[in-house]
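Structural overview
Residues per chain, in single letters:
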Amino acid sequence: MRIARFSIDGNVAFGAVEGQSPDDLVLDIIKGIPFGEFELSGTKVPLSKVRLLPPVLPSKVVAIGRNYAEHAAELGNEVPDVPIAFFKPSTSVTGPGDPIAYPSFSDDLQHEAELAVVIGRMCREVPRERVKDVILGYTCANDVTARDVQKREKQWARAKGFDSACPLGPWVETDLDPSDLAIQCTVNGEQRQLGRTSEMVRSIEDLIVHITEAMTLLPGDVILTGTPAGVGPLNVGDEVAVTIEGIGTLTNKVIKRG
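Here we summarise the structure given alongside this text. Just so it is clear, the model here is predicted, and its values are computed rather than measured.

1. As for the packing of aromatic side chains
The description of an aromatic ring pair uses the distance of the two centres, along with the angle that the planes make with each other. Enumeration over the complete set of coordinates arrives at three aromatic pairs. Measuring from ring centre to ring centre gives 6.5 Å for Phe14 and Phe35, while their planes differ by 80°; the resulting arrangement is edge-to-face. Here Phe14, found in strand β2 (residues 11-18), pairs with Phe35, found in the loop between β3 (26-31) and β4 (39-46); they are 21 residues apart in sequence, far enough to count as distant. By relative accessible area, Phe14 is classed as buried at 12%. The interplanar angle of 80° and the centroid separation of 6.3 Å between the aromatic rings of Phe105 and Phe162 together place this pair among those described as edge-to-face. With Phe105 in the loop between β9 (100-102) and β10 (109-111) and Phe162 in the loop between α3 (157-161) and β14 (166-173), this pair connects stretches of sequence that are 57 residues apart. By relative accessible area, Phe105 is classed as partly exposed at 24%. The ring of Trp171 has Arg2 sitting right over it, with the charged end atom 5.5 Å from the ring centre. Against the face of Phe105 rests Arg158, its NZ or CZ located 4.5 Å from the ring centre.

Here it is in C-alpha cells:
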C-alpha cells in the first residue's frame, strides 16, 4: 500500500494511493492515522486535487553517513568501522514539490539521493529478527548538504540540518523488499546518481539494531540509509528528482533563501 499525507480545503489527512497512471491516481482517505490498525473510509479524491505533504512528521530523522563505499571514496573518506549516525531536525523536513531554500551561509549545496525507512511503532533495542515488525514502509529522501560547511565544521548540524534540507516523499510504500532497489537522482533531467540498495555497506537490519541500542524510535521517525556515488552541486533554479524503484519520484526545486 502507498500511504500519502495531504491537505485539501485546509484539512490534513492520510490516504491510500490507488491507481497506476499518474493522471488517474486517487486517494482513499484513511480513518485516523496509519500507525497500527486503520480503515479506509471509501471516500476518494483525485490526487490532482490535493497538495501532497511530507508523508510523515518525524520527531527525529536519524541519518547514516558513508554507507556506500563508492560514495565514501568520492569524498576521500574511508568506510567507517561502525555506522556514522547523525540527526536532521524535524524542521528540516519538507515535502514533494516544496522548495529547497539555498542557505545563505553556503556556496556549495549538494544532493544526496537516499532510501528512507519510516518507523511504524515505538521501539527500543530491536533484535534483528524483529526489525521488519517496527517498519511502516519506505519513501524517497534527499539528504541535501551544504558541503563546504560540512567540511569546515566538525559537527554536521548546520550543513545537513538547515530548513528544507530533508525532502521526503511522495508517499510511504508499505509492501516492498528494500534489499536491491535502484536509486536515481537527476538534476534538470540529467542523471547524476545511479546505484542500488544492495550496495549498502550495512543493511537496514544492521542500522536499526545499531540505532535502537542507543535510543527509542517513535512512530513516524525516519532513518536515512546513505547515498550512492555521484553527489554533486545544486544551484538556484535547479529541479532535483530522486527516484527509487517500487516507490516513485520525489521532485523539488532549489530557490534563493528569502
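2. Overview of the sheet that holds β9
With mixed pairing, five strands are arranged side by side in an open sheet as β9-β20-β19-β15-β16. Every other strand in the sheet has two partners, leaving β9 and β16 (190-196) as the edge strands with one partner each. If you compare each strand with its neighbour and ignore which way they point, the axes differ by 20° on average.

3. Focus: the environment of Leu53
Among the secondary structure elements, Leu53 is positioned in the loop between β5 (51-52) and β6 (61-65). For Leu53, the contacting residues outside a window of four places in its chain are Arg5, Phe6, Ser7, Val12, Gly95 and Pro96.

4. Notes on the side chain of Thr145
In this structure, Thr145 sits in strand β13 (residues 145-146). Here Thr145 falls in the buried class, since its relative accessible area comes to 0%. A polar contact is formed between the side chain of Thr145 and the backbone oxygen of Asp143, at a distance of 2.9 Å. At 2.8 Å, the side chain of Thr145 and the side chain of Lys160 are in polar contact.

5. A short note on the pairing of strand β11 (residues 113-119)
Across the seven residues of β11, seven count as buried, placing the element largely inside the fold. Covered by surrounding structure in β11 are Ala113, Leu115, Val117 and Ile119 together with Glu114, Ala116 and Val118, the residues of both alternating faces. One ladder, built from seven bridges, connects β11 with strand β12 (residues 135-142); its direction is antiparallel. Residue pairing in the sheet places Ala116 in a bridge with Thr139 of β12. As defined by bridge partners, β11 adjoins strand β17 (residues 222-224) across three bridges and the pair is classed as antiparallel. The partner of Ala116 across the bridge, within β17, is Leu224.

6. Overview of the environment of Gln184
As for its position among the elements, Gln184 is in strand β15 (residues 182-187). In sequence terms Gln184 and Thr243 are 59 residues apart; their C-alpha atoms lie 5.2 Å from each other. Sequence-distant contacts of Gln184, that is, excluding residues within four places in its chain, are made with Ala113, Gln191, Gln193, Leu194, Ala241, Val242 and Thr243.

Calculation notes
- Residues numbered from 1 in each chain as written.
- Predicted model: local features only at pLDDT ≥ 70, side-chain atom pairs only at ≥ 80, totals over all residues.
- Heavy atoms only, no water.
- Phe/Tyr/Trp six-rings, centres within 6.5 Å; stacked < 30°, edge-to-face > 60°.
- Helix = DSSP H or I, 4+ residues; strand = E, 2+ residues; numbered from the N terminus.
- Buried < 20%, exposed > 50% of the residue type's maximum accessible area, 1.4 Å probe, protein only.
- Lys NZ or Arg CZ within 6 Å of the ring centre and 35° of its normal.
- Pairing = 2+ DSSP bridges.
- Axes fitted to C-alpha atoms, helices over the stretch in contact; angles between N-to-C directions.
- Contact = heavy atoms within 4.5 Å.
- Polar contact = N/O pair within 3.5 Å; in protein donor to acceptor, adjacent residues only side chain to side chain.

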